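What follows is the residue order along each chain.
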Amino acid sequence: MSHANNNSGIAIAILAKAPIPGLTKTRLIPYLGADGAATLQDWLLRRTVATALNSNLGPVTLWCAPDTAHPAFVDLAVGGRIALRQQREGNLGERMHQALAESPMTGGTLVIGTDCPALGPAHLQAAAAALAAYQAVVIPAEDGGYVLIGMRQPSWRVFTGINWGSAKVMTQTRERLLETGRQWSELPSLWDVDREEDFERLGALLPDDFLPGR
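Rules used throughout
- Residues numbered from 1 in each chain as written.
- Predicted model: local features only at pLDDT ≥ 70, side-chain atom pairs only at ≥ 80, totals over all residues.
- Heavy atoms only, no water.
- Helix = DSSP H or I, 4+ residues; strand = E, 2+ residues; numbered from the N terminus.
- Rg over C-alpha atoms; globule rule 2.2 N^0.38 Å.
- Buried < 20%, exposed > 50% of the residue type's maximum accessible area, 1.4 Å probe, protein only.
- Areas by Shrake-Rupley, 256 points an atom, 1.4 Å probe, with all protein chains shown as cover.
- Lys, Arg positive; Asp, Glu negative; His and termini not counted.
- Charge placed at Lys NZ, Arg CZ, Asp CG, Glu CD.
- Axes fitted to C-alpha atoms, helices over the stretch in contact; angles between N-to-C directions.
- Parallel < 35°, antiparallel > 145°, perpendicular 65-115°, else oblique.
- Left-handed = near helix turned anticlockwise from the far one by under 90°.
- Contact = heavy atoms within 4.5 Å.
- Nonpolar A, V, L, I, M, F, W, Y, C, P; charged D, E, K, R; others polar.
- Pairing = 2+ DSSP bridges.

(A) Layout of the overall build of the chain. On a plain count of helices and strands, the chain comes out with six helices and seven strands. On C-alpha atoms alone, the chain measures out to a radius of gyration of 16 Å, which is about the 17 Å that the 2.2 N^0.38 rule sets for 214 residues. If you line up the chain on its principal axes, its C-alpha atoms span 45 × 40 × 35 Å. Classification of the 214 residues of the chain by burial places 51% in the buried group. Element-wise, carbon and sulfur atoms account for 50% of the exposed surface of the chain, whose accessible area totals about 9800 Å². Of note, the chain has its 18 positive side-chain charges centred 6 Å away from the centre of its 21 negative side-chain charges.

Structural data, given as structure tokens:
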């Protein structure tokens, strides 16, 4: 689906860390080792990009950390199907706000990470459809955070005063959305891969896929 001459569609922004041993999926390093955790991150990264592209919604931007130079990022950008941008310094809220504020599409933007292999194209399509009726959309995470947030117009307030990485994120985000007067839609919760039990759940869900440590 081409949106080359139409900037009113829905963009997808993916926030991703480079699969560098020791710097990514750190909570899984005691279980998988630094190299195994980095291999998992590479797998999750590629799966997330494929999911975004397969949703056929609009332009996909990969917001990279620490920079855009890692071979995994460069490889994914071959062919021009995704754009690479460098994440700014700052907390998660600041980086998500940047992705929303610098989106090329006026119809709205969906911001996701790479930690949710349960997220599929249908979830992205449902979130995009929700933005046609609401000013924001969220897919909560089972751990109290969220795996997707989408907005028609960025709001810095929605990302302030949030205890990132805690079980309070979704509750606090609801409070911020109420404070800004935004009408929002919440879709069914999904789960992230952050801990050993999450990795085992992933293995049970996708037994035939490649997973490090198996």
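(B) How the structure looks around the packing of helix H1 (residues 29–54) against helix H6 (residues 196–205). Contact pair H1 / H6: the axes reach a minimum separation of 13 Å and the direction vectors enclose 50 degrees. The angle between H1 and H6 places the two elements in the oblique class. Considering only the axes of H1 and H6, their crossing is left-handed. Here Tyr31, Leu32, Leu40 and Trp43 of H1 lie close against H6, whose contacting residues are Glu196, Phe199, Glu200 and Leu202. Its residues assigned to classes, the contact of H1 with H6 shows six nonpolar, no polar and two charged.

(C) Geometry of the sheet that holds strand S5 (residues 136–140). Strand order in this open sheet of seven strands is S3-S2-S1-S4-S6-S5-S7, and the pairing throughout is mixed. For this open sheet the edge positions go to strand S3 (82–86) and strand S7 (184–186), each flanked by a neighbour on one side alone. When strand polarity is set aside, the average angle formed by the axes of neighbouring strands in this sheet is 20 degrees. Across six bridges, strand S1 (residues 11–17) lies against strand S2 (residues 60–65) in parallel orientation. If you follow isoleucine 12 over to S2, its bridge partner there is valine 60.

(D) Spotlight on the environment of tryptophan 156. As for its position among the elements, tryptophan 156 is in the loop between strand S6 (146–151) and helix H5 (169–179). For tryptophan 156, a relative accessible area of 41% puts it in the partly exposed group. With 60 residues separating them in the primary sequence, tryptophan 156 and methionine 96 have C-alpha atoms 9.5 Å apart. Not counting the four nearest positions on each side in its chain, tryptophan 156 is found in contact with Gly93, Glu94 and His97.

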